[in-house]
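A structural walkthrough
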Amino acid sequence: MTTVLITGGSGRLGRSVVAGFADAGHQVISLDRDVLPPDRLAAGVVQEAVDLLDGQAVEAAMARHRPDAVIHLAAIAVPFSAPEEVILKTNTMLAYNVLRAATDAGVGRIVTASSPTVLGYGNPAGWLPERFPLDENTVPRPWNAYALSKMVAEQVMRMFATAHGGSVRYAAFRPCYVISPEEWAGAPTQQGHTLAERLADPALSAPALFNYVDARDVAGFLAVLLAKMDTIENAQTFFVGAADALAVEPLNKLMPQYLPGSEELSAGLTGTSPAFSIAKAQEVLGWTPHHSWRTELIETNSADLTSAASH
Ligand SMILES: NC(=O)c1ccc[n+]([C@@H]2O[C@H](COP(=O)([O-])OP(=O)(O)OC[C@H]3O[C@@H](n4cnc5c(N)ncnc54)[C@H](O)[C@@H]3O)[C@@H](O)[C@H]2O)c1
(Lines give C-alpha, C1' and ligand atoms only; values in the text may rest on other atoms or scores of the structure.)
Protein backbone atom coordinates (compact mmCIF):
# COMPACT_ATOMS: atom_id res chain seq x y z
CA MET A 1 0.00 0.00 0.00
CA THR A 2 1.21 3.45 -0.94
CA THR A 3 0.37 6.68 0.88
CA VAL A 4 -0.78 9.19 -1.75
CA LEU A 5 -1.37 12.82 -0.82
CA ILE A 6 -3.69 14.58 -3.26
CA THR A 7 -4.22 18.35 -3.28
CA GLY A 8 -7.53 19.66 -4.59
CA GLY A 9 -9.14 16.34 -3.71
CA SER A 10 -12.58 17.96 -3.24
CA GLY A 11 -12.68 19.22 -6.83
CA ARG A 12 -14.27 18.00 -10.05
CA LEU A 13 -11.21 15.94 -10.99
CA GLY A 14 -9.88 15.41 -7.47
CA ARG A 15 -12.95 13.50 -6.27
CA SER A 16 -12.43 10.81 -8.93
CA VAL A 17 -8.68 10.68 -8.35
CA VAL A 18 -9.17 10.30 -4.58
CA ALA A 19 -11.80 7.59 -5.14
CA GLY A 20 -9.63 5.78 -7.70
CA PHE A 21 -6.61 5.50 -5.40
CA ALA A 22 -8.75 4.66 -2.36
CA ASP A 23 -10.60 1.92 -4.28
CA ALA A 24 -7.25 0.49 -5.38
CA GLY A 25 -6.33 0.03 -1.69
CA HIS A 26 -3.97 2.98 -1.17
CA GLN A 27 -3.96 5.26 1.87
CA VAL A 28 -5.22 8.59 0.52
CA ILE A 29 -4.88 12.02 2.12
CA SER A 30 -6.81 14.86 0.50
CA LEU A 31 -5.73 18.43 1.20
CA ASP A 32 -8.18 21.09 0.06
CA ARG A 33 -9.46 24.42 1.28
CA ASP A 34 -12.97 22.91 1.09
CA VAL A 35 -13.73 19.59 2.73
CA LEU A 36 -16.36 17.20 1.40
CA PRO A 37 -19.26 15.90 3.49
CA PRO A 38 -18.32 12.39 4.73
CA ASP A 39 -20.97 10.70 2.54
CA ARG A 40 -19.17 11.99 -0.58
CA LEU A 41 -15.82 10.60 0.52
CA ALA A 42 -14.50 7.09 -0.20
CA ALA A 43 -14.02 4.92 2.90
CA GLY A 44 -10.69 5.35 4.67
CA VAL A 45 -9.75 8.66 3.01
CA VAL A 46 -8.29 11.27 5.35
CA GLN A 47 -9.16 14.83 4.38
CA GLU A 48 -7.86 18.04 5.88
CA ALA A 49 -8.83 21.66 5.28
CA VAL A 50 -5.61 23.46 4.34
CA ASP A 51 -4.99 26.70 2.50
CA LEU A 52 -2.10 25.59 0.30
CA LEU A 53 -1.04 29.19 -0.24
CA ASP A 54 0.29 28.94 3.32
CA GLY A 55 3.71 27.34 2.73
CA GLN A 56 4.21 26.41 6.39
CA ALA A 57 0.84 24.66 6.51
CA VAL A 58 1.84 22.61 3.45
CA GLU A 59 5.19 21.70 5.06
CA ALA A 60 3.41 20.65 8.25
CA ALA A 61 0.97 18.46 6.29
CA MET A 62 3.84 16.72 4.46
CA ALA A 63 5.62 16.11 7.79
CA ARG A 64 2.42 14.76 9.38
CA HIS A 65 1.54 12.34 6.60
CA ARG A 66 4.96 11.43 5.10
CA PRO A 67 3.39 10.40 1.75
CA ASP A 68 5.15 8.18 -0.79
CA ALA A 69 3.63 10.20 -3.62
CA VAL A 70 2.03 13.63 -4.09
CA ILE A 71 -0.46 14.55 -6.82
CA HIS A 72 -1.00 18.30 -7.00
CA LEU A 73 -4.40 19.25 -8.47
CA ALA A 74 -5.45 22.31 -6.43
CA ALA A 75 -5.79 25.46 -8.52
CA ILE A 76 -8.13 28.11 -9.78
CA ALA A 77 -9.18 25.80 -12.61
CA VAL A 78 -11.23 28.07 -14.87
CA PRO A 79 -9.61 30.77 -17.03
CA PHE A 80 -10.92 34.30 -16.29
CA SER A 81 -12.87 33.09 -13.22
CA ALA A 82 -10.83 35.54 -11.08
CA PRO A 83 -8.72 38.59 -11.90
CA GLU A 84 -5.76 37.63 -14.09
CA GLU A 85 -3.12 38.53 -11.47
CA VAL A 86 -4.96 36.46 -8.84
CA ILE A 87 -5.01 33.40 -11.12
CA LEU A 88 -1.32 33.80 -11.97
CA LYS A 89 -0.20 34.33 -8.37
CA THR A 90 -2.45 31.64 -6.90
CA ASN A 91 -1.71 28.83 -9.33
CA THR A 92 2.02 29.44 -9.50
CA MET A 93 2.37 29.72 -5.71
CA LEU A 94 0.24 26.63 -5.14
CA ALA A 95 2.49 24.64 -7.49
CA TYR A 96 5.65 26.04 -5.90
CA ASN A 97 4.50 25.51 -2.30
CA VAL A 98 3.33 21.94 -2.87
CA LEU A 99 6.26 20.78 -5.00
CA ARG A 100 8.82 22.44 -2.70
CA ALA A 101 7.32 21.03 0.49
CA ALA A 102 7.00 17.56 -1.08
CA THR A 103 10.59 17.66 -2.33
CA ASP A 104 11.93 18.89 1.02
CA ALA A 105 9.96 16.19 2.85
CA GLY A 106 11.66 13.48 0.77
CA VAL A 107 8.58 12.41 -1.22
CA GLY A 108 9.80 10.11 -4.00
CA ARG A 109 7.15 10.71 -6.69
CA ILE A 110 5.62 14.13 -7.35
CA VAL A 111 3.07 14.94 -10.07
CA THR A 112 1.48 18.26 -10.97
CA ALA A 113 -1.57 19.10 -13.08
CA SER A 114 -1.07 21.35 -16.06
CA SER A 115 -3.55 22.04 -18.86
CA PRO A 116 -3.84 21.73 -22.66
CA THR A 117 -4.63 25.48 -22.68
CA VAL A 118 -0.86 26.11 -22.47
CA LEU A 119 -0.89 25.61 -26.25
CA GLY A 120 -2.76 28.87 -26.75
CA TYR A 121 -5.93 27.90 -28.63
CA GLY A 122 -8.86 30.29 -28.26
CA ASN A 123 -6.61 33.34 -28.59
CA PRO A 124 -8.82 36.19 -29.85
CA ALA A 125 -5.78 37.51 -31.73
CA GLY A 126 -5.73 34.26 -33.72
CA TRP A 127 -4.09 30.87 -33.33
CA LEU A 128 -3.18 28.01 -35.61
CA PRO A 129 -0.96 25.06 -34.64
CA GLU A 130 1.94 23.80 -36.73
CA ARG A 131 -0.03 20.58 -37.24
CA PHE A 132 -2.76 18.30 -35.96
CA PRO A 133 -3.00 16.20 -33.88
CA LEU A 134 -1.59 18.36 -31.11
CA ASP A 135 0.94 16.63 -28.90
CA GLU A 136 3.70 17.22 -26.36
CA ASN A 137 5.95 18.66 -29.11
CA THR A 138 3.44 21.35 -30.08
CA VAL A 139 4.92 24.72 -29.12
CA PRO A 140 3.01 26.29 -26.16
CA ARG A 141 1.83 29.86 -26.74
CA PRO A 142 -0.24 30.79 -23.64
CA TRP A 143 -2.27 33.98 -24.00
CA ASN A 144 -3.92 34.33 -20.57
CA ALA A 145 -2.93 34.07 -16.91
CA TYR A 146 -4.43 30.60 -16.43
CA ALA A 147 -2.51 29.06 -19.32
CA LEU A 148 0.64 30.90 -18.27
CA SER A 149 0.25 29.70 -14.67
CA LYS A 150 0.13 26.11 -15.93
CA MET A 151 3.27 26.66 -18.03
CA VAL A 152 4.96 27.96 -14.90
CA ALA A 153 3.73 24.93 -12.92
CA GLU A 154 5.38 22.67 -15.51
CA GLN A 155 8.56 24.73 -15.25
CA VAL A 156 8.47 24.57 -11.44
CA MET A 157 8.33 20.78 -11.78
CA ARG A 158 11.34 20.83 -14.15
CA MET A 159 13.22 23.22 -11.86
CA PHE A 160 13.00 20.83 -8.90
CA ALA A 161 13.94 17.90 -11.14
CA THR A 162 16.99 19.84 -12.35
CA ALA A 163 17.98 20.63 -8.77
CA HIS A 164 17.56 17.05 -7.53
CA GLY A 165 18.84 14.93 -10.39
CA GLY A 166 17.07 11.62 -10.71
CA SER A 167 16.69 10.97 -6.98
CA VAL A 168 13.13 12.36 -6.94
CA ARG A 169 10.76 11.46 -9.77
CA TYR A 170 8.57 14.25 -11.19
CA ALA A 171 5.94 14.50 -13.93
CA ALA A 172 3.26 16.86 -15.19
CA PHE A 173 0.08 16.02 -17.06
CA ARG A 174 -2.36 18.05 -19.16
CA PRO A 175 -5.87 16.64 -18.72
CA CYS A 176 -8.34 17.52 -21.46
CA TYR A 177 -11.80 18.92 -20.51
CA VAL A 178 -12.64 16.79 -17.47
CA ILE A 179 -16.02 15.04 -17.33
CA SER A 180 -16.95 13.66 -13.92
CA PRO A 181 -19.29 10.68 -13.48
CA GLU A 182 -22.22 12.89 -12.38
CA GLU A 183 -21.88 14.96 -15.55
CA TRP A 184 -22.53 11.91 -17.71
CA ALA A 185 -25.78 11.63 -15.75
CA GLY A 186 -26.81 15.20 -16.57
CA ALA A 187 -25.13 17.49 -14.00
CA PRO A 188 -23.81 20.77 -15.45
CA THR A 189 -20.22 20.73 -16.73
CA GLN A 190 -17.53 23.28 -15.81
CA GLN A 191 -19.08 25.80 -18.26
CA GLY A 192 -22.60 25.38 -16.87
CA HIS A 193 -24.24 23.48 -19.74
CA THR A 194 -24.89 19.73 -19.88
CA LEU A 195 -22.91 17.27 -21.96
CA ALA A 196 -25.88 16.63 -24.22
CA GLU A 197 -26.06 20.37 -24.91
CA ARG A 198 -22.31 20.47 -25.53
CA LEU A 199 -22.58 17.69 -28.08
CA ALA A 200 -25.68 19.07 -29.79
CA ASP A 201 -24.07 22.49 -30.28
CA PRO A 202 -20.46 22.19 -31.55
CA ALA A 203 -19.91 25.90 -30.80
CA LEU A 204 -19.81 24.97 -27.08
CA SER A 205 -17.01 22.42 -27.47
CA ALA A 206 -15.10 24.22 -30.23
CA PRO A 207 -13.22 26.61 -27.86
CA ALA A 208 -11.53 23.53 -26.30
CA LEU A 209 -11.03 21.99 -29.77
CA PHE A 210 -13.56 19.27 -28.89
CA ASN A 211 -11.26 17.69 -26.30
CA TYR A 212 -12.43 15.84 -23.19
CA VAL A 213 -11.48 13.07 -20.78
CA ASP A 214 -13.40 11.06 -18.21
CA ALA A 215 -12.20 11.90 -14.68
CA ARG A 216 -11.90 8.18 -13.90
CA ASP A 217 -9.59 7.74 -16.89
CA VAL A 218 -7.39 10.51 -15.45
CA ALA A 219 -7.33 8.59 -12.16
CA GLY A 220 -6.30 5.48 -14.10
CA PHE A 221 -3.60 7.44 -15.90
CA LEU A 222 -2.21 8.72 -12.58
CA ALA A 223 -2.14 5.20 -11.12
CA VAL A 224 -0.12 3.94 -14.09
CA LEU A 225 2.12 7.01 -14.00
CA LEU A 226 2.95 6.56 -10.30
CA ALA A 227 3.67 2.87 -10.87
CA LYS A 228 6.07 3.58 -13.74
CA MET A 229 7.68 6.89 -12.74
CA ASP A 230 10.83 5.23 -11.42
CA THR A 231 11.55 3.60 -14.77
CA ILE A 232 10.76 6.34 -17.31
CA GLU A 233 12.68 9.50 -18.18
CA ASN A 234 12.27 12.03 -15.37
CA ALA A 235 10.21 15.26 -15.50
CA GLN A 236 8.06 14.49 -18.54
CA THR A 237 4.72 16.02 -19.48
CA PHE A 238 1.81 13.99 -20.86
CA PHE A 239 -1.48 14.85 -22.53
CA VAL A 240 -4.36 12.86 -21.03
CA GLY A 241 -7.48 12.70 -23.17
CA ALA A 242 -10.22 10.47 -24.50
CA ALA A 243 -9.53 8.36 -27.57
CA ASP A 244 -12.19 10.22 -29.55
CA ALA A 245 -13.41 13.79 -29.99
CA LEU A 246 -16.34 15.32 -28.10
CA ALA A 247 -18.25 15.83 -31.31
CA VAL A 248 -20.85 13.98 -33.32
CA GLU A 249 -19.28 14.91 -36.66
CA PRO A 250 -15.63 14.34 -37.71
CA LEU A 251 -13.26 17.17 -36.82
CA ASN A 252 -12.06 17.60 -40.42
CA LYS A 253 -15.60 18.87 -41.04
CA LEU A 254 -16.07 20.87 -37.81
CA MET A 255 -12.63 22.37 -37.23
CA PRO A 256 -12.56 24.66 -40.31
CA GLN A 257 -15.93 26.12 -39.24
CA TYR A 258 -14.60 27.19 -35.84
CA LEU A 259 -10.86 27.59 -36.46
CA PRO A 260 -10.50 29.68 -39.59
CA GLY A 261 -7.62 28.62 -41.82
CA SER A 262 -7.44 25.07 -40.44
CA GLU A 263 -8.90 23.26 -43.50
CA GLU A 264 -5.63 21.65 -44.58
CA LEU A 265 -4.24 21.23 -41.06
CA SER A 266 -7.31 19.32 -39.88
CA ALA A 267 -7.76 17.20 -43.02
CA GLY A 268 -6.36 14.14 -41.23
CA LEU A 269 -8.83 14.34 -38.33
CA THR A 270 -11.27 11.90 -39.88
CA GLY A 271 -13.81 9.60 -38.24
CA THR A 272 -13.74 9.94 -34.45
CA SER A 273 -10.11 11.21 -34.23
CA PRO A 274 -9.50 13.80 -31.50
CA ALA A 275 -7.40 16.95 -32.01
CA PHE A 276 -5.08 15.94 -29.14
CA SER A 277 -2.83 12.91 -29.38
CA ILE A 278 -2.46 10.61 -26.38
CA ALA A 279 0.13 8.47 -28.17
CA LYS A 280 2.91 9.43 -25.74
CA ALA A 281 0.98 8.23 -22.68
CA GLN A 282 0.06 5.07 -24.56
CA GLU A 283 3.59 4.36 -25.77
CA VAL A 284 5.61 5.43 -22.69
CA LEU A 285 3.21 4.23 -19.98
CA GLY A 286 0.98 1.71 -21.73
CA TRP A 287 -2.05 3.73 -20.54
CA THR A 288 -5.27 3.82 -22.50
CA PRO A 289 -8.60 5.53 -21.70
CA HIS A 290 -11.65 3.32 -21.18
CA HIS A 291 -14.51 5.83 -21.29
CA SER A 292 -16.08 7.60 -24.26
CA TRP A 293 -19.14 9.83 -24.58
CA ARG A 294 -20.42 7.24 -27.01
CA THR A 295 -20.82 4.72 -24.20
CA GLU A 296 -21.08 6.90 -21.09
CA LEU A 297 -23.71 9.44 -21.99
CA ILE A 298 -26.79 8.03 -20.34
CA GLU A 299 -29.01 11.10 -20.39
CA THR A 300 -29.46 10.94 -24.15
CA ASN A 301 -28.16 8.81 -27.02
CA SER A 302 -26.13 9.35 -30.14
CA ALA A 303 -29.15 9.07 -32.45
CA ASP A 304 -30.76 12.07 -30.71
CA LEU A 305 -27.46 13.93 -30.90
CA THR A 306 -27.02 13.28 -34.60
CA SER A 307 -30.52 14.55 -35.18
CA ALA A 308 -29.90 17.61 -32.95
CA ALA A 309 -26.66 18.39 -34.77
CA SER A 310 -28.36 18.29 -38.17
CA HIS A 311 -30.92 20.97 -37.20
N1 LIG B 1 -11.52 20.46 -15.20
C2 LIG B 1 -10.83 20.50 -16.34
O3 LIG B 1 -11.41 20.38 -17.42
C4 LIG B 1 -9.33 20.67 -16.32
C5 LIG B 1 -8.65 20.67 -17.54
C6 LIG B 1 -7.27 20.85 -17.55
C7 LIG B 1 -6.59 20.99 -16.35
N8 LIG B 1 -7.26 20.98 -15.18
C9 LIG B 1 -6.51 21.15 -13.94
O10 LIG B 1 -6.78 20.02 -13.11
C11 LIG B 1 -6.80 20.42 -11.75
C12 LIG B 1 -8.14 20.06 -11.10
O13 LIG B 1 -9.18 20.74 -11.79
P14 LIG B 1 -10.70 20.64 -11.33
O15 LIG B 1 -11.53 20.77 -12.53
O16 LIG B 1 -10.87 19.48 -10.42
O17 LIG B 1 -10.84 22.00 -10.51
P18 LIG B 1 -11.82 22.31 -9.28
O19 LIG B 1 -11.97 23.80 -9.22
O20 LIG B 1 -13.05 21.50 -9.34
O21 LIG B 1 -10.96 21.82 -8.04
C22 LIG B 1 -9.84 22.53 -7.61
C23 LIG B 1 -9.75 22.36 -6.11
O24 LIG B 1 -8.62 23.11 -5.64
C25 LIG B 1 -8.98 23.65 -4.38
N26 LIG B 1 -8.17 24.82 -4.09
C27 LIG B 1 -8.07 25.96 -4.82
N28 LIG B 1 -7.26 26.84 -4.18
C29 LIG B 1 -6.85 26.24 -3.04
C30 LIG B 1 -6.00 26.63 -1.96
N31 LIG B 1 -5.44 27.85 -1.91
N32 LIG B 1 -5.78 25.77 -0.96
C33 LIG B 1 -6.38 24.55 -0.97
N34 LIG B 1 -7.19 24.12 -1.96
C35 LIG B 1 -7.41 24.96 -2.99
C36 LIG B 1 -10.46 24.03 -4.52
O37 LIG B 1 -11.09 24.13 -3.26
C38 LIG B 1 -10.99 22.88 -5.37
O39 LIG B 1 -11.56 21.83 -4.60
C40 LIG B 1 -6.49 21.91 -11.74
O41 LIG B 1 -5.12 22.10 -11.54
C42 LIG B 1 -6.90 22.36 -13.13
O43 LIG B 1 -6.22 23.53 -13.52
C44 LIG B 1 -8.62 20.83 -15.14
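How each quantity is defined
- Sequence positions are assigned chain by chain, starting from 1 and proceeding in written order.
- For this predicted model, a pLDDT threshold of at least 70 governs which residues receive local features, and a threshold of 80 or more governs which side-chain atom pairs are given and counted, while totals over whole chains, interfaces and linings are taken from all residues.
- With hydrogens and water stripped out, all remaining heavy atoms of the structure feed into the side-chain values.
- Only C-alpha atoms enter the line fits that serve as axes; for helices the fit covers just the stretch in contact. Angles between N-to-C directions range over 0 to 180 degrees.
- A run of H or I in DSSP becomes a helix once it reaches four residues, and a run of E becomes a strand once it reaches two; helices and strands are each numbered from the N terminus.
- An angle counts as roughly parallel when it lies under 35 degrees, as roughly antiparallel when it exceeds 145, as roughly perpendicular when it falls between 65 and 115, and as oblique in every other case.
- Helix crossings get a hand from a simple test, with the near helix turned counterclockwise from the far one by less than a right angle marking a left-handed crossing and a clockwise turn marking a right-handed one.
- Residues count as neighbours in contact if any of their non-hydrogen atoms are within 4.5 Å of one another.
- Categorising residues by exposure relies on relative accessible area from a 1.4 Å probe, with only protein chains included: less than 20% of the type maximum marks a residue as buried, more than 50% marks it as exposed, and the intermediate range marks it as partly exposed.
- Each pair of strands is called paired provided DSSP finds at least two bridges between the two strands.
- For crossovers, right-handed means that the path from the first strand over the helix to the second runs clockwise, given strands pointing away from the viewer.
- One heavy atom suffices: a residue is near a molecule or strand as soon as one of its heavy atoms comes within 4 Å of it.
- Polar contacts here mean pairs of N or O atoms no more than 3.5 Å apart (in protein, one a potential hydrogen donor and the other a potential acceptor; neighbouring residues in sequence count only if both atoms are side-chain atoms).
- Using a 1.4 Å probe, accessible areas were evaluated by the Shrake-Rupley method; residue-level cover was limited to the displayed protein chains.
- Here the term charged refers only to Asp, Glu, Lys and Arg, the term nonpolar to Ala, Val, Leu, Ile, Met, Phe, Trp, Tyr, Cys and Pro, and the term polar to all other amino acids, Gly among them.
- Centres within 6.5 Å make a pair out of two Phe, Tyr or Trp rings, where for Trp the six-membered ring is used; the pair is then stacked when the planes are under 30 degrees apart, edge-to-face when over 60, and tilted otherwise.
- We call a charge positioned over a ring when the NZ of a Lys or the CZ of an Arg lies within 6 Å of the ring centre and within 35 degrees of the ring normal.
- Nine residue types can take part in a nonpolar core, namely buried Ala, Val, Leu, Ile, Met, Phe, Trp, Tyr and Cys, and a core is a set of them joined through side-chain atoms within 4.5 Å.
- Only protein atoms enter the 1 Å grid used here, on which a cavity is any set of points holding a 1.4 Å probe that cannot leave and a pocket is any open set flanked by protein within 12 Å on both sides along at least five of seven lines; residues with an atom within 4 Å of a point are listed as lining.
- Grid points are joined across faces, edges and corners, and a volume is the space filled by probe spheres set on the points.

Bringing the packing of helix 3 (residues 84-104) against helix 4 (residues 145-164) into the picture now. The N-to-C vectors of helix 3 and helix 4 enclose an angle of 20°; their axes lie 9 Å apart at closest approach. With respect to each other, helix 3 and helix 4 are oriented roughly parallel. Of the two possible hands of crossing, helix 3 and helix 4 adopt the one that is right-handed. Within the contact between the two elements, helix 3 uses Glu-84, Ile-87, Leu-88, Asn-91, Thr-92, Ala-95, Tyr-96, Leu-99, Arg-100 and Thr-103 and helix 4 uses Ala-145, Tyr-146, Leu-148, Ser-149, Lys-150, Val-152, Ala-153, Val-156, Met-157, Met-159, Phe-160 and His-164.

A separate point is unusual backbone geometry. In the segment running from Phe-132 into Pro-133, the intervening peptide bond is cis, with an omega of -5°. Along the chain, Pro-133 turns up in the loop between strand 5 (109-113) and helix 4. Positive phi, close to 40°, is recorded for Arg-66, a residue that is not glycine. Following the sequence through the fold, Arg-66 ends up in the loop between helix 2 (55-65) and strand 4 (69-72). You will see that Leu-209, though not glycine, has its phi angle at about 55°, which is positive. Classification of Leu-209 as buried rests on a relative accessible area of 4%.

This part is about the pairing of strand 1 (residues 3-7). Of all five residues that make up strand 1, five are buried, and the element is covered over most of its length. Alternating residues of strand 1 divide into Thr-3, Leu-5 and Thr-7 and Val-4 and Ile-6, and every residue in both groups is buried. Looking at chain direction, strand 1 and strand 2 (residues 27-32) are connected through five bridges and run parallel. What sits directly across from Thr-7, in strand 2, is Leu-31. After leaving strand 1, the chain enters helix 1 (residues 14-23) and then returns to the sheet as strand 2, a path that is right-handed. For strand 1 and strand 4, the ladder comprises four bridges, and the chain directions are parallel. Of the residues in strand 4, the one forming a bridge with Thr-7 is His-72.

Turning our attention to the site of the ligand. Looking at the ligand, there are 29 residues lining it, with Leu-13, Asp-32, Leu-73, Tyr-146 and Lys-150 nearest. The contact in question runs from a nitrogen atom of the ligand to an N or O atom on the backbone of Arg-33, over 3.0 Å. Within the backbone of Leu-52, one N or O atom sits 3.0 Å away from a nitrogen atom of the ligand. Protein chains shield 91% of the accessible area of the ligand, which is 820 Å² for the free molecule. Class assignment for the residues of the shell around the ligand results in 16 nonpolar, seven polar and six charged.

Right, let's talk about the packing of aromatic side chains for a bit. Following the criterion strictly, the structure yields 10 aromatic pairs and no others. Centroid distance Tyr-121 to Phe-276: 5.8 Å. Interplanar angle 75°. Geometry classified as edge-to-face. On the criterion of sequence distance, the pair formed by Tyr-121 in the loop between strand 5 and helix 4 and Phe-276 in the loop between helix 9 (251-258) and helix 10 (279-285) is long-range, its members being 155 residues apart. A relative accessible area of 8% places Tyr-121 in the buried class. On the numbers, 5.6 Å between centres and 85° between planes, the contact of Phe-221 with Trp-287 is edge-to-face. Of this pair, Phe-221 sits in helix 8 (residues 215-228) while Trp-287 sits in the loop between helix 10 and helix 11 (293-296), placing them 66 residues apart in sequence. Above the ring of Tyr-177, the side-chain terminus of Arg-198 is found at 3.7 Å from the ring centroid.

So, about the sheet that holds strand 4. Taken together, seven strands build an open sheet; the order of strands is 3-2-1-4-5-6-9 and the sheet is parallel. The two strands at the open ends of the sheet, each matched to only one other strand, are strand 3 (46-49) and strand 9 (236-240). Each adjacent strand pair in this sheet contributes to an overall mean axis angle of 20°, direction not counted. Against the sheet, helix 4 contacts strand 5, strand 6 (169-175) and strand 9, and its axis sits at roughly 165° relative to strand 6.

Attention shifts here to the nonpolar core. For soluble globular proteins, nonpolar side chains are generally found buried alongside one another. Of all hydrophobic cores here, the largest spans 56 residues; its most connected members are Ile-71, Phe-173, Leu-209, Phe-221, Leu-222 and Leu-225. The element best represented in this core is helix 8, accounting for seven residues. Dropping the residues within four chain positions of it, Leu-225 is found in contact with Val-111, Ala-171, Ile-232, Phe-238 and Leu-285. Core analysis: the second largest hydrophobic core is formed by 25 residues, Ile-29, Val-98, Val-156 and Ala-161 among them.

Once that is clear, we can look at the layout of surface pockets. Within this model, the second largest pocket holds a volume of roughly 180 Å³. Lining the second largest pocket are Tyr-121, Gly-122, Asn-123, Gly-126, Trp-127, Ala-206, Pro-207, Leu-209, Met-255, Tyr-258, Leu-259 and Pro-260. By residue class, the composition of the lining of the second largest pocket is nine nonpolar, three polar and no charged.

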